[in-house]
Amino acid sequence: MSSSSNNVSTVVEVLYREHHGWLTAWLKKKTACPHHAADLSHDTFIRLLSQPDLPVLKEPRAYLLVTANRLMINLNRKRRVEEETLHSMAVLISGQSSQDAAHVSAIRQLLERVLFMLLEELDERTRKAFLMSRVDGMTYTEIAYVMNVSENRIKQYLVKALAYCHQRLYQFKAELHG
């Protein structure tokens, strides 16, 4: 272990001892779930451990709050994407009435494929624009500003993402019934 990683470990150990209880309590208020709070609290400290160097922290609680808040935002974003995906799947398969094991397995496979598609198959800028629009609820203007492109370009990204999702979902549905 390098001296830098030893230093990070020592700093995080001290931060954990002094602030873990407080951070977990704060997260319980935010999440209303002690289990999610505990997971997010530990993930916060793991995130700190993964950093090669930590800055000198004049306000360690503020730093912990920002890190935990970012993790909480990412978790909420993933949940919204999952909910939107499940809704899309429900619309897609609404014509089917049987709930046998093969049907349930097909739904799970579809969910896995859709999530993989959203995370891996779309190019970075298209995926980013899509998530900002659909998950974060940002306007085209706001997304264009963040991504430093025109609103028309944002519309192109979103059309590309939606067309691709539509094409892949129906391609997979055809494979299921083919």
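These numbers were taken from a predicted model, which means no experiment stands behind them. (Residues numbered from 1 in each chain as written. Predicted model: local features only at pLDDT ≥ 70, side-chain atom pairs only at ≥ 80, totals over all residues. Heavy atoms only, no water.)

**Some words on the packing of aromatic side chains**
Line of reasoning, step 1. Enumeration according to the criterion identifies one aromatic pair in this entry.
Line of reasoning, step 2. Taking 5.0 Å as the distance between ring centres and 75° as the angle between the ring planes, the aromatic pair formed by Tyr 16 and Phe 45 counts as edge-to-face. A residue pair is termed long-range when its members are at least 10 positions apart, and Tyr 16 in helix H1 (residues 3-31) and Phe 45 in helix H2 (residues 34-49) qualify at 29 residues. (Phe/Tyr/Trp six-rings, centres within 6.5 Å; stacked < 30°, edge-to-face > 60°. Helix = DSSP H or I, 4+ residues; strand = E, 2+ residues; numbered from the N terminus.)

**Details of the pattern of salt bridges**
Line of reasoning, step 1. Throughout the structure, instances matching the rule amount to three salt bridges.
Line of reasoning, step 2. Here Glu 13 makes a salt bridge to Arg 17, at a shortest N to O gap of 3.0 Å. Taken together, the positions of Glu 13 and Arg 17, both in helix H1 and four residues apart, correspond to about one turn of that helix.
Line of reasoning, step 3. The residue Arg 127 makes a salt bridge to Glu 124 at a minimum N-O spacing of 2.6 Å. Separated by three residues within a single helix, Arg 127 and Glu 124 lie in helix H5 (residues 124-134), roughly one turn from each other. (Salt bridge = Lys/Arg side-chain N within 4 Å of Asp/Glu carboxyl O.)

**Considerations on the side chain of His 19**
Line of reasoning, step 1. Turning to its location among the elements, His 19 is positioned in helix H1.
Line of reasoning, step 2. A relative accessible area of 9% places His 19 in the buried class.
Line of reasoning, step 3. Those residues in contact with His 19, other than ones at most four positions away along the chain, are Phe 45, Pro 60, Arg 61 and Leu 64. (Buried < 20%, exposed > 50% of the residue type's maximum accessible area, 1.4 Å probe, protein only. Contact = heavy atoms within 4.5 Å.)

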